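One-letter residues, chain by chain:
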Amino acid sequence: MEPSPAALSSLIRRLWGWARRHWIVTTLGVAAAVGLGIWLIFFFFAVQTLFIDEEVDEALPTFGAPTAPAEAPGPVPATEPAAPAPGPAPADEAPAAPAAPAPVPAEGSAPAPAPPAAEATDPPGETAAEAPAPPLAETAPAAPPAEGPMVAGPGASGMPGDEITAERADAMNEAMASGAMPREVIMNEERPMPVAPQIVTLVSGEFSSRSHRTSGRALVLNDGSPQRFLRFENFRTDNGPDVNVYLSSAPHDAPARDFASDFVDLGDMKGNVGAQNYEIPPEVDLDHYSTVVVWCVRFSVAFGVAPLA
């Protein structure tokens, strides 16, 4: 039995009278209700995200540098000869001995005549310091390697079949004598530059809409190393709260609840528009987890999916 309009009007008047008498409690209750409504609308349901696009534009992922191969030991640099130890000074550079003091003449005697100056033994115009040093002994050039004739007989391995016959030895001797086959060819080529690894697409798939309109392409990129990246290109979907990127074992046309039963979470969706990258753990088997799912964790809703093939 529905209440009559008069009964409803009487109830409203009684509630209004109670609210006026207890205005403090009424004010607190109204404030709590308004706050709860704001939290539900803007924080839980996040209605504002439906009107805000989070655009990203990431470049291709950067893979870790591959392990560099061990470098072969290079040639040992020649050691410089040690500087000779300083020897004794030459005889002509020895300091002159101090001259003996002249004898003092006795009182009343004539002074003794000065001794005659010694004649210089050096040729005129040259001093002892300017005398040329004796020439150094020249180093004898290294002897060229012996270029004797080839000897017929066993080869370097000493095993049957590696011996050199007399006819072959004569032919090789003639070739070496004519210069057509030098005994030594010394090469010094530069080390080739390493080739940068190429990024390839292992698997890919197009996005299709589920609970929200979704479009774009999903690719798995690799450069030959164990590292792999899931990349979105020309991607667009609706924005929403608590949206993650999953790799699921369920097929792309499975019920939505199946996507969250066996999955790998690659993290929060970076943006609902634009190119973006997500690293895939090395242990993930893409033959098993072959469906990309844009998944709203809060409401268990699939925005869009892409099968990888």
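Residues numbered from 1 in each chain as written. Predicted model: local features only at pLDDT ≥ 70, side-chain atom pairs only at ≥ 80, totals over all residues. Heavy atoms only, no water.

Trainee: What is the right way to look at the overall build of the protein in this model?
Mentor: Across its full length, the protein holds three helices and nine strands. Ordered by position in the sequence, the α and β elements of the protein form the string α-α-α-β-β-β-β-β-β-β-β-β. Relative to its full complement of 309 residues, the protein shows a buried share of 23%. Restricting the contact set of the protein to residue pairs at least 6 apart, pairs at least 24 apart contribute 61%. (Helix = DSSP H or I, 4+ residues; strand = E, 2+ residues; numbered from the N terminus. Buried < 20%, exposed > 50% of the residue type's maximum accessible area, 1.4 Å probe, protein only. Contact = heavy atoms within 4.5 Å.)

Trainee: Explain the pairing of strand β5 (residues 243-248) here, please?
Mentor: Here is the key point about a regular strand: its side chains alternate between the two faces of the sheet. Burial runs high along β5: six of the six residues are buried. One ladder, built from six bridges, connects β5 with strand β8 (residues 291-296); its direction is antiparallel. Along β8, the bridge assignment pairs L247 with V292. By the bridge criterion, four bridges tie β5 to strand β6 (residues 263-268) in an arrangement that is antiparallel. In the strand pairing of β6, S248 is matched with F263. (Pairing = 2+ DSSP bridges.)

Trainee: Looking at this structure, I do not really get a nonpolar patch on the surface. What am I missing?
Mentor: The grouping of W23, I24 and L28 at the surface amounts to a nonpolar patch, some 370 Å² of accessible area in total. Position of W23 relative to the elements: it lies in helix α2 (residues 23-44). (Patch = residues over 30% accessible without salt bridge, like charges linked within 9 Å, V, L, I, M, F, W, Y side chains within 5 Å. Areas by Shrake-Rupley, 256 points an atom, 1.4 Å probe, with all protein chains shown as cover. Salt bridge = Lys/Arg side-chain N within 4 Å of Asp/Glu carboxyl O.)

Trainee: Mind showing me how you'd approach the sheet that holds strand β2 (residues 208-209) here?
Mentor: Backbone-to-backbone hydrogen bonds join strands into a sheet, with any given pair of strands oriented parallel or antiparallel. One open sheet holds the five strands; their spatial order is β2-β9-β8-β5-β6, and the pairing between them is antiparallel. Taken across any chain shown, the strands that pair with only one partner, and hence form the sheet edges, are β2 and β6.

Trainee: I tried to follow helix α3 (residues 166-178) on my own but got confused; where do I start?
Mentor: Think of an α-helix as turning once every 3.6 residues; residues three or four places apart then point the same way. Between its first and last C-alpha, α3 extends 18 Å over 13 residues, near the 18 Å set by a 1.5 Å rise per residue. Directly after α3, the chain includes G179, whose backbone phi takes a positive value near 90 degrees. (Expected span 1.5 Å × (residues − 1).)

Trainee: Just checking my understanding: could you explain the nonpolar core for this structure?
Mentor: Across soluble globular proteins, you tend to see nonpolar side chains buried next to one another. One finds L230, F232, L247 and V292 to be the most contacted residues of the largest nonpolar core, which totals 24 residues. Among the secondary structure elements, those contributing two or more residues to this core are β3 (215-222), β4 (228-236), β5, β6, β7 (276-280), β8 and β9 (301-307). Contacts of F232, omitting those with residues within four sequence positions, involve F207, R217, A218, V245, G274, A275, Q276, Y278 and V292. (Core = buried A, V, L, I, M, F, W, Y, C linked by side-chain atoms within 4.5 Å.)

Trainee: I would appreciate a short explanation of the pattern of salt bridges in the present structure.
Mentor: Two side chains of opposite charge can pair, provided their charged atoms sit close to one another. By the definition in use, this model includes four salt bridges. Across the salt bridge formed by E58 and K270, the nearest N and O atoms sit 3.2 Å from each other. With E58 in the loop between α2 and α3 and K270 in the loop between β6 and β7, this pair connects stretches of sequence that are 212 residues apart. Classification of E58 by relative accessible area gives partly exposed; the value is 26%. With relative accessibility at 35%, the residue K270 sits in the partly exposed group.

Trainee: Is there a simple way to explain the side chain of N277 in this structure?
Mentor: Secondary-structure assignment places N277 in strand β7. The exposure class assigned to N277 is buried, which follows from its relative accessible area of 8%. Polar side-chain contacts of N277 include one of 2.8 Å to the backbone oxygen of A59. Setting aside chain neighbours within four positions, we find N277 in contact with E58, A59, L60, P61, F229, L230, R231 and K270. (Polar contact = N/O pair within 3.5 Å; in protein donor to acceptor, adjacent residues only side chain to side chain.)

Trainee: Looking at this structure, I do not really get the sheet that holds β3. What am I missing?
Mentor: Pairing within the open sheet is antiparallel, and its four strands lie in the order β1-β3-β4-β7. Of all the strands in the sheet, just β1 (200-206) and β7 have a single pairing partner and so form its edges. Taking the axes of each pair of neighbouring strands and ignoring which way they run, one obtains an average angle of 20 degrees across the sheet. Summarising the sheet, β4 and β7 pair through five bridges and their orientation is antiparallel. Counted as the bridge partner of F229 is E279 from β7. (Axes fitted to C-alpha atoms, helices over the stretch in contact; angles between N-to-C directions.)

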